[in-house]
Each structure stands twice: as structure tokens, then as C-alpha cells.
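Spelled out from the first residue to the last, the chains are:
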Amino acid sequence: MSVTAAADLVPRLQEAFAGYLGLEPAEVDPDRPVEELGLDSLTAAQLALDIEERLGVSLFLNDLTGRETLAGLAAAVLAEDRS
Amino acid sequence: MTVTCEAPALAAARDLERALGDPFRADAPVSFAALVAHDEREEPPADAFAALRAWGVHAHLVPRAWGGRLASFDELLALVRVVSRRDLVLTTGLGSTALAAIPVWAWGRDEQRAEVADLLLGAGAFGSFAVSERDAGSDFHATATRADAAGDGYLLRGEKWLIGNAGRSSFAVALARTRPSLSLVYVRPDRVPAGTCRRLPRVRTLGLRGHDLGGLAFADCPLPAGAVLEPAGRGLEMALTTLQYTRTMVAGMALGAADTALRLALGWGRSRRLYGRPILAIPAVRDLLLGSFLDILIGECVAMVAARALTLAPRRTSLWAAVAKYVVPNLCERVARDAAAVLSARSYLREGVAAGVFQKVARDVAITSIFEGTQLVQLALIAAQLGQVARARTPGAPVATDRLGDLSAPAPAWDPPATRPRIGDPGGDDLVERWLLGDEACPEAGPALRSLRGRAAGLRAALTADRRPVDLAAARRHCALHAAACCLQVWRSNRERLAPEAAGGEWLALCLERLAGGGDVPPDREELAEPVARWMLRQLDEGELFSVAPLELAR
């Protein structure tokens, strides 16, 4: 699967996060800091592995401060891919 | 010879038993007398390690693809049990080596795999899994050791402490900060420039006095470009995945120690006479030790299912290995405590019965609930995963449970390169689903089954009712339910092949009653207790490992 624009990636991240949070994808606010989404560190790490497996993009959630948003992460991941 | 469950995964363990000899005999190749003497001197049992090397135990740490004999983990579990019944120092040394080797098999480069295979098959070398630090034990995120890019490779800086085999390891796998995140790095301590990898002084401990526990200090230690295991940045995930294999083997270590504790207590109960009869004839003594036998059977069912799941249901082992690591050491430490109650003053002597080995077993077994993640860490891992299951919007694909318990066919061989880092799985606990949340009939299970099913339903309702984080008490409750489900599965998968004393399923009813009663209920129902006690004593008399499936010990 190739994801080329943040606009494509954000809904996919919302869906992946929603699966682990017990929410509908639309309920995951892409502009809210990830630390406010309520993931424990173990679940966050497994979520990152699942995102890598399903979407082919590498997130390192352990490196985050928690203040990042999904929209910001999507942009950063794609910028990293292009560099 | 009674016709009983023939488990092919036990063949290598039988052969190893014969090679090591009866440890109760002072002239055996590996004897309790010699092991106690090494313990007294706080030195490694070099002769016992040599006997293990000579038999070829290291080949069982090397997958077949690299010239070894490691196939399924139920076979390795049996080997761990027979070595551990002699001395946990042996399996701790080998286990630390396995911890370092597993990530290399799974995520290393071919030349690293060939190198580790040579070290193990040729020299019977030791390895170190260098994860913990003075200020970073269970919290991997606190890791301060760094591997910074430098030239074509890396410079490793930092100190790893409380590391197994640190004074003697020929290879190590260390957790270090990298860009991005954390990675596992492969190190050859003897192949780096002098002074850049220092072995720290040995650490003195309560038990395992012959174990080489220490640390490794890296000072700008240069590593080649290929030292970081791929994918870089997934070191924490790889470390947690690796621990799923070794945690399952820790259950085997605890079972081995518990076997010796019960064997000593039963032998003493037979020979010690008070009030004109052997103390084993006193109902309270027999019930205490029957309870120990049940604890071993429960622990074995949990450990065997977890070991088979490593290749039959790898997605589930993030949960099941943590449960096994929590449940089995707890049970086995209780076996040691109850055996001490029967051995009474003899349990406290460093001489006498079996060369005074009991006090060593009791000190050593305490490590099984501490290393590879403490009991609180296991409960936290279990709680996080139960939360994932409760919140999952789409249930994962189910796992068929019959093969997990079927001891007549070995589990499939491990395929290391196909192993993905995986530290959670919202797929649930299929064993609990089938046996305690389903309504499959099992008349032999007795009245405890209904009570356990009520608890399983109650726990599920509590977990799905709200989205609060799951607490450790819920994780603990899940552990007891999983253990009961493992007993039910092992019974169902093997009932036609069990020993005559076990064929009626009385042991199953008693194990479930023990789990439903929180564990401390003495078996007070004689019609159930009598055949199980006969089974236990026959295993003692015929020299078999205390087990559902017979494994003949050296005589």
C-alpha cells in the first residue's frame, strides 16, 4: 500500500487508533495531542507495529513527547519518507 | 510398565536424564552433593556445565537451519525441566544465552547467525542479554545506553547491570538508544578494542550463588554497521518478543525446582516415622503434598500450552507467556514452601537429606518470580492486553485449541526469520473463551467448573462495561481462569491416553477446585484424592517426573 499524502494517511491512522481505543474512526480527533487519546505505552507500541504492517509507514510512538497530533504525525512520517 | 500418554517431545529429555544420572547418588555425573558443594563455594558448577556440553545441550538452543536441534519449544521445555530439577544455576546460564541468541536467530544477519551457531555448537559458549541498567529495570524507556552513528558504524556507550553471564559471555545483545527510538545491538565483547567493553564485578545474591551475574560497561565501544538488528528502532518490541520465549521456559525452570522439592518432601514423608507411622500417613501431611502435586500439574498444563503456542499460535503468546510467567513460579514457590513445612527442620539444614540441597532449591526458585519481568510486570502486561481485547472493535481470528493441548504430536518447529516483533494481540484468550465462556460439557470437571464459569462471565462483563484501564486484580483473576482452561484443554486433548490413575479425571476436578478456591483449599474429597495420591506415589516409586505425561528419570 502506498500512501503519498497526509490527507490520505490521516484517515488510515484514525482507523488504526480507533481499533485500539474502542472508538469509531471519526471519534479520533486528528488535531488532538496523542497523549490525550488514552493509550498505555504497551498498546501504543503494538499499535505502531500494526500500522507498520498494514500501512507500511514507520511510527516511533516511544519517541514522541505526547503533544503531537495525528495530523502532525502523518505529515512528519511522509516528510521522512521523502527525505 | 503402565501404558500411558506417549509424548514425542519428551524423547530428548529422557536421553539427557540418562546422561546426567540420578542426582541423589553422590557418584552420578551431576549429583546434588557436588552441586551443593559448588553453591557453598559460590562458584559455577563447571563439571555439570561440562556434562551438559558433552551431551550436546547447546544444539537445542540453535535452530535446525543453522545446524542445531532446536525445533519445537515443548521439547525445549522438557529439557529445561530435567536440568532445572538438578540446579537452576545451569538453566539460568543457558537461559541467558538463549535470550541473547533468540533475537539473532529472528532478526540478525546471516553472518551473525552463523557466528552464534559456531559459538554455541563448537564451544558451548555463553551469551548475555544486556537490557537492564542500574536506573532502568522494568522501564525500558529509561534506557540510557546509546549507540550513536559514527563513521560506518556505531559507538556504544553506557552501562548494563544485573546481566546474566556478564563475566563469561562470548556474544551479547544489548538494548540501546538509537535514531530512531531503541534498538538491539549485537556485540562480541572479546572482539572490540581493549577497554571499550569492561566486565563489571560479579553481583552477590541470595540464591543462584554459582550464577555469573554482573554487568557490562561500554566506553565508546566501536561496532560495525551491521551491529544494529533490523528493523532499527524496534528494539523494545524485539526485547519484549524475545522474552515471550524465555518467560515460557522460566515456567519450566520453576517446575523443575518444584519437582525436586516435592520429591524430597515425599521421600522424607515416607521414611520419617512419628507416633508409630510414617508422617505421610498423617492426613494433613498427605493433603499438603497432594496439593503440591496438583500445583505442579496445573503449572505443567499452563507451561505446555504456552510452549506449544509459541509455534502453534504465535499471536497469542504475548498474553499467554506473561500468564505462564505469573502463574507457574507462584505455584512452584508454594510447592517449595509446603515441602519445607513437611521437611520441617531438615528444610533448614545445609547437610543431611540429599546433601542438604533443599535449602538451595528454596533459595534458587525465588528468582523465577523476579527475573524476565517481575510478577507485577507480568500483571501489568496482562492488564494492558485484556484492555486491548475489551476495546477491540473487531475480534481477531480465533485459534483452534485442541492442538495446543495434544501431547501426542510435537508442536511445529520454530521458523525464526518469520518471527515478527509482536507485543500485544487484541485476539483474546481462546482457551478461556472455549472452556469457561462457552458451555462445552465436561462432566469430569466437577462442580468447580460452574463456579469458574461464573467468574469468567463476571470478569468479561466488568472488562467490557467501561473503558477504564484494567487493574492488576482483574489480571490476576484472568490468570486463574486461564490456568483452569489449560487444565481442561490438556485433559480433553489427552484423556484416552492418560495413566489409569488419571483416566477418570479426578486430578482435573481437584485442580479446578484448587483454582476456584483461590489455591489454598486442601483436597478434602477422598474419592477424588485417593486415585490422584496413588498416581503421585507411583510416579515417585517408578522414578518419573511429576507430570501428566510420564518422563522416566535416571535411576
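Basis of the calculations
Residues numbered from 1 in each chain as written. Chains lettered and ligands numbered in written order. Predicted model: local features only at pLDDT ≥ 70, side-chain atom pairs only at ≥ 80, totals over all residues. Heavy atoms only, no water. Axes fitted to C-alpha atoms, helices over the stretch in contact; angles between N-to-C directions. Helix = DSSP H or I, 4+ residues; strand = E, 2+ residues; numbered from the N terminus. Parallel < 35°, antiparallel > 145°, perpendicular 65-115°, else oblique. Contact = heavy atoms within 4.5 Å. Nonpolar A, V, L, I, M, F, W, Y, C, P; charged D, E, K, R; others polar. Core = buried A, V, L, I, M, F, W, Y, C linked by side-chain atoms within 4.5 Å. Buried < 20%, exposed > 50% of the residue type's maximum accessible area, 1.4 Å probe, protein only.

J.: Please set out the packing of helix H8 (residues 283-312) of chain B against helix H16 (residues 506-516) of chain B residue by residue, giving values where relevant.
T.: Residue and element names in this part refer to chain B. With their axes 10 Å apart at the nearest point, H8 and H16 run at an angle of 90 degrees to one another. In terms of orientation, H8 and H16 fall into the roughly perpendicular class. Of the residues in H16, those touching H8 at Gly291, Ser292, Leu294, Asp295, Leu297, Ile298 and Cys301 are Trp507, Leu510, Cys511, Arg514 and Leu515. Along the lines of polarity and charge, the residues of the contact of H8 with H16 split into eight nonpolar, two polar and two charged.

J.: Please set out unusual backbone geometry residue by residue, giving values where relevant.
T.: Glycine aside, the phi torsion of most residues is negative, and most peptide linkages are trans. All names here are of chain B. In this model, Arg179 is joined to Pro180 through a cis peptide bond whose omega is -5 degrees. Locating Pro180 in the fold gives a position in the loop between strand S4 (169-177) and strand S5 (182-187). For the bond running from Glu230 to Pro231, omega is 0 degrees, close enough to zero to count as cis. Even without being a glycine, Glu42 presents a positive backbone phi close to 55 degrees. Note on placement: Glu42 falls in the loop between helix H2 (32-40) and helix H3 (46-55). At Ser181, a residue that is not glycine, the phi angle is positive and equals roughly 55 degrees. By the secondary structure assignment, Ser181 is in the loop between S4 and S5.

J.: So, the nonpolar core: which residues are in play, and what are the values?
T.: One recurring pattern in soluble globular proteins is that nonpolar side chains are buried together. One finds Leu436(B) and Trp507(B) to be the most contacted residues of the largest nonpolar core, which totals 181 residues. No other element matches helix H7 (residues 235-271) of chain B, which puts 20 residues into this core. Leave out the neighbours within four places in its chain, and Leu436(B) touches Leu431(B), Leu449(B), Leu452(B), Arg453(B), Ala456(B), Leu481(B), Ala484(B) and Leu488(B). Leu13(A), Ala44(A), Ile51(A) and Val77(A) belong to the second largest nonpolar core, which has 25 residues in total.

J.: Tell me about the environment of Leu498(B), and name the residues and values.
T.: Summarising the element assignment, Leu498(B) is placed in the loop between helix H15 (472-494) and H16. Each C-alpha atom of the pair Leu498(B) and Ala549(B) lies 7.3 Å from the other, and the pair is 51 residues apart in sequence.

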